[in-house]
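# Remarks on the overall topology
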Amino acid sequence: MAPKKLIVGCDHGAFALKQALLPYLASAHADVDVEDVGSYDDSRVDYPDIAAKVCTKVLAQEGSLGLVLCGTGIGISIAANKFNGIRCALAHDHYTALMSREHNNANVLSIGGRVTGIEVAKDILTTFLTNDLAEGNHAGRIEKIHALEQK
């Protein structure tokens, strides 16, 4: 089931990818309310600041998901995962996006703007938005991840 809300943010290294994904979201996922929290041009910006904007909103709005983008997706995903309650997954293809939702119940997706083609990024995003946690042992593992956040 697609989320009702998707919070999107990028640094300068992924601004072009974000600009390509926003119209795609509007057409292919018109039922999703997209909130763009920046950056709004390709001027230098620090990815931890963007991760903070996205993650704060995801945590405050139940049922929302996040999309964070930087040059490789690595730095912004590390920053996002510093937030208690955020499970940010860096996806490179359809399968990693699918597993991020079905097995890890990721609530934030990270994609690298300098290392991921636009069509691949669209597939990753659609996969992330249209899948949920699978039944089975996965919920217990998610609880173990939450327990680690308390240490």
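So, here's what we can say about the structure. (Residues numbered from 1 in each chain as written. Predicted model: local features only at pLDDT ≥ 70, side-chain atom pairs only at ≥ 80, totals over all residues. Heavy atoms only, no water.)

## Examining the overall build of the protein
Helix and strand content of the protein: six helices and five strands. Along the protein, helices and strands appear, N-terminal first, in the series β-α-β-α-β-α-β-α-β-α-α. A compact globule built from 151 residues would reach a C-alpha radius of gyration of about 15 Å, and the protein, at 14 Å, matches this within 12%. In terms of its C-alpha atoms, the protein occupies a principal-axis envelope of roughly 40 × 30 × 25 Å. When the 151 residues of the protein are sorted by exposure, 46% land in the buried category. Look at the contacts in the protein between residues 6 or more apart in sequence, and 72% of them connect residues 24 or more apart. Accessible surface, the protein: about 7500 Å² in total, of which carbon and sulfur atoms supply 53%. (Helix = DSSP H or I, 4+ residues; strand = E, 2+ residues; numbered from the N terminus. Rg over C-alpha atoms; globule rule 2.2 N^0.38 Å. Buried < 20%, exposed > 50% of the residue type's maximum accessible area, 1.4 Å probe, protein only. Contact = heavy atoms within 4.5 Å. Areas by Shrake-Rupley, 256 points an atom, 1.4 Å probe, with all protein chains shown as cover.)

## Some words on the pairing of strand β1 (residues 5-10)
Burial within β1 is extensive, with six of its six residues counted as buried. Neither face of β1 is exposed, since K5, I7 and G9 on one face and L6, V8 and C10 on the opposite face are all buried. The pairing of β1 with strand β2 (residues 33-36) spans four bridges and is classified as parallel. Looking at β2, one finds that L6 is bridged to V34. For the segment spanning β1, helix α1 (residues 15-28) and β2, crossover handedness is right-handed. (Pairing = 2+ DSSP bridges. Right-handed = clockwise from strand over helix to strand, strands pointing away.)

## Regarding the sheet that holds strand β5 (residues 108-112)
Spatial ordering of the open sheet is given by β2-β1-β3-β5-β4, a layout of five strands whose pairing is parallel. The outermost strands of the open sheet, each flanked by one partner alone, are β2 and β4 (88-90). When the angles between neighbouring strand axes are averaged without regard to direction, this sheet yields 20 degrees. Each of β1, β3 (65-70) and β5 is contacted by helix α5 (residues 118-129), which is oriented at about 175 degrees to β5, the strand it contacts most. (Axes fitted to C-alpha atoms, helices over the stretch in contact; angles between N-to-C directions.)

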